[in-house]
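Working through the structure, step by step
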Amino acid sequence: MRQSICSQQRPINSNVLHPLLELEDVIRRYIKCKDIIILTIYEVSDQVHLGGIVAISNPLLAFTLIKRLQLEWRNVVYSEEATENTQAFKDDYEKIEEKLPKAEDLEGAARGLMRLQDVYDLSTKGLVKGQFLQATRDGVSTVYRPSISITLSADDSFQIGKIAYDKGDYYHSVIWLEEAVSLFRKKLRIWNVEDEGSLEEALDHIAFSHYMVSGNTRHALSFSEELLQIDSNNRRVARNVLKYEKILAEASYTEPNNLEPRRPNETHLLTRKTYESLCQTLGSQPKHYQNSNLYCSYETNLSPHLILQPMKREILSQKPDVILYHNFISEAEGQKIKQLASPWLQRSVVASGENQAAVDYRISKSAWLKETVDPLIEKLDQRITHLTGLNVHQPYAEYLQVVNYGIGGHYEPHFDHATSPNSPLYRMKSGNRVATFMIYLSAVEAGGSTAFIYANFSVPVVKNAALFWWNLHRNGQGNKDTLHAGCPVLVGDKWVIRQSTNNWVPTYY
Ligand SMILES: O=C(O)CCC(=O)C(=O)O
Ligand SMILES: [Fe+2]
């Protein structure tokens, strides 16, 4: 016997769960609807309740949950099977539909999953089975072991492949549709009302993807032939079969040298290889015992405010200077900052020429907190000043920025200082960013480290610690060694506060 939904303990504090809780209310009232509807909500509830909030940090659960709420629920509610006695249910569903994840959320979740798969070199077959496996020279290694295993269905794999396909990303469509085809084949034409895809759809899309990604006409032909056997009246597919046969029969046809689909470098990142290996490992920086200049100490910066409670300082690197201050913020302060920022979070933007824009290479949400919002902000500002000697008030600095990276959220390699005179920083006459002070407000379960690309090391997320580095040399020139990145969050929810100080020069100088 399943436990009643109403008696189950509700999880708290997760953005993704709000619409689910409302759905539960609707469902409770129409619990006598078709079994399939009840099953779907039970399934989601079970998964969520079993692992609580921890489980929702699993990217596979996040994707399947968003897919259920965005796509599968709609398919069930508007299905023929659900038409009897469900008009009232439909009305309620339409009332809350606005709050449910949108198609763009589903696309974002799928693309986040593909990003994680690329950066952490995860096997697609493993992901489908709920495992986070990475190919190594000696076999496979487990990158992360989830507390509950979420397997992906044929339709889940189809949906990820289809999202890649619609973007013209045939590399990912091939690898995900391969899984979808093999799972749909095993289902022997059993169709679920909530499903969007089918074996026919998957064969159709994979045939064209193979043709597009590596000119693999033989694969395109064999998938099209399989489809034609199932759907013999499909004239379009029959024409495709003829087309592929003709190409292969041409005297001038030569098999492409490399039929392995090649991964696209969408953001044209030159340092991608180093960046990804730093996200997977922690790099090869010397250890403290190998370099006596990298040591831990208590720091007061000669400030009377820190004499009684010095800060635990760990020097991580000297080229560039990077320092980690442990326990910089308390648990309660971190919680409070997250609460203050939450209502104001919006998609993060970056300087793009003279403007600001949302870009694929930075995926997170952020909010700016002025000192007037709460006395805690001023308290933190002062603590930063006591420790670093830097003035962190306007116009010598920006406002505190709180950043939240969800699953797959990242910030590809970049400099915090402006490298072009057209940067908005110069237009505001605030000077360039001298230093960055970044506080980790949360731990993550896997991924999310801060990677210093040229310096070849990465810093794992240490909850409540603060990372500090100088972006500029003493002469005001940008320090190229500071190229750094926020690796994608594999499992968890990463929160940071960042503060950049400027070398603002008053105009009367
Ligand atoms: O999140 C991180 O680890 C790095 C963030 C970062 O580089 C930035 O916000 O400028
Ligand atoms: Fe940065």
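Just above sits the structure.
Here we summarise the structure given alongside this text. (Residues numbered from 1 in each chain as written. Chains lettered and ligands numbered in written order. Predicted model: local features only at pLDDT ≥ 70, side-chain atom pairs only at ≥ 80, totals over all residues. Heavy atoms only, no water.)

As for the coordination of the iron ion (ligand 2)
- Within the protein, the atoms that donate to the iron ion (ligand 2) are His 414 (NE2), Asp 416 (OD) and His 484 (NE2), at distances of 2.1 Å.
- Along the chain, the residues donating to the iron ion (ligand 2) fall in the pattern H-x1-D-x67-H. Residue His 414 shares its accessibility class with Asp 416, and that shared class is buried. (Donors = N, O, S within 2.8 Å, 3.2 Å for Na, K, Ca; no water. Buried < 20%, exposed > 50% of the residue type's maximum accessible area, 1.4 Å probe, protein only.)

A word on helix H3 (residues 59–77)
- Taking 1.5 Å per residue, 19 residues should reach 27 Å; H3 reaches 26 Å between its end C-alpha atoms and fits that length.
- Helix geometry: H3 is bent most strongly at Arg 68, by close to 40°.
- Between a side-chain oxygen at the N-terminus of H3 and the backbone nitrogen of Leu 60 the separation is 2.8 Å; the capping residue is Asn 58. (Helix = DSSP H or I, 4+ residues; strand = E, 2+ residues; numbered from the N terminus. Expected span 1.5 Å × (residues − 1). Bend = angle between axes of the 7 residues up to and from the residue. Polar contact = N/O pair within 3.5 Å; in protein donor to acceptor, adjacent residues only side chain to side chain.)

Some points on unusual backbone geometry
- Between Lys 319 and the following residue, Pro 320, the backbone shows a cis peptide bond with an omega angle of 5°.
- Considering the arrangement of structural elements, one finds Pro 320 in the loop between strand E4 (311–318) and strand E5 (321–326).
- A positive phi angle, near 50°, is found at Asn 301, a position not held by glycine.
- Mapped onto the elements, Asn 301 comes out in the loop between strand E3 (296–299) and E4.
- By relative accessible area, Asn 301 is classed as partly exposed at 33%.

With respect to the sheet that holds strand E16 (residues 457–459)
- In space, the five strands of this open sheet follow the order E9-E12-E18-E15-E16, with antiparallel pairing throughout. One side of each edge strand has no neighbouring strand; the edge strands of this open sheet are strand E9 (362–363) and E16.
- As judged from the three bridges shared by strand E15 (residues 450–452) and E16, these two strands associate in the antiparallel manner. Pairing of Thr 450 across the sheet is with Val 459, part of E16.
- With respect to the sheet, helix H12 (residues 272–280) is in contact with strand E12 (410–414), E15, E16 and strand E18 (484–486), its orientation differing from that of E12 by roughly 130°. (Pairing = 2+ DSSP bridges. Contact = heavy atoms within 4.5 Å. Axes fitted to C-alpha atoms, helices over the stretch in contact; angles between N-to-C directions.)

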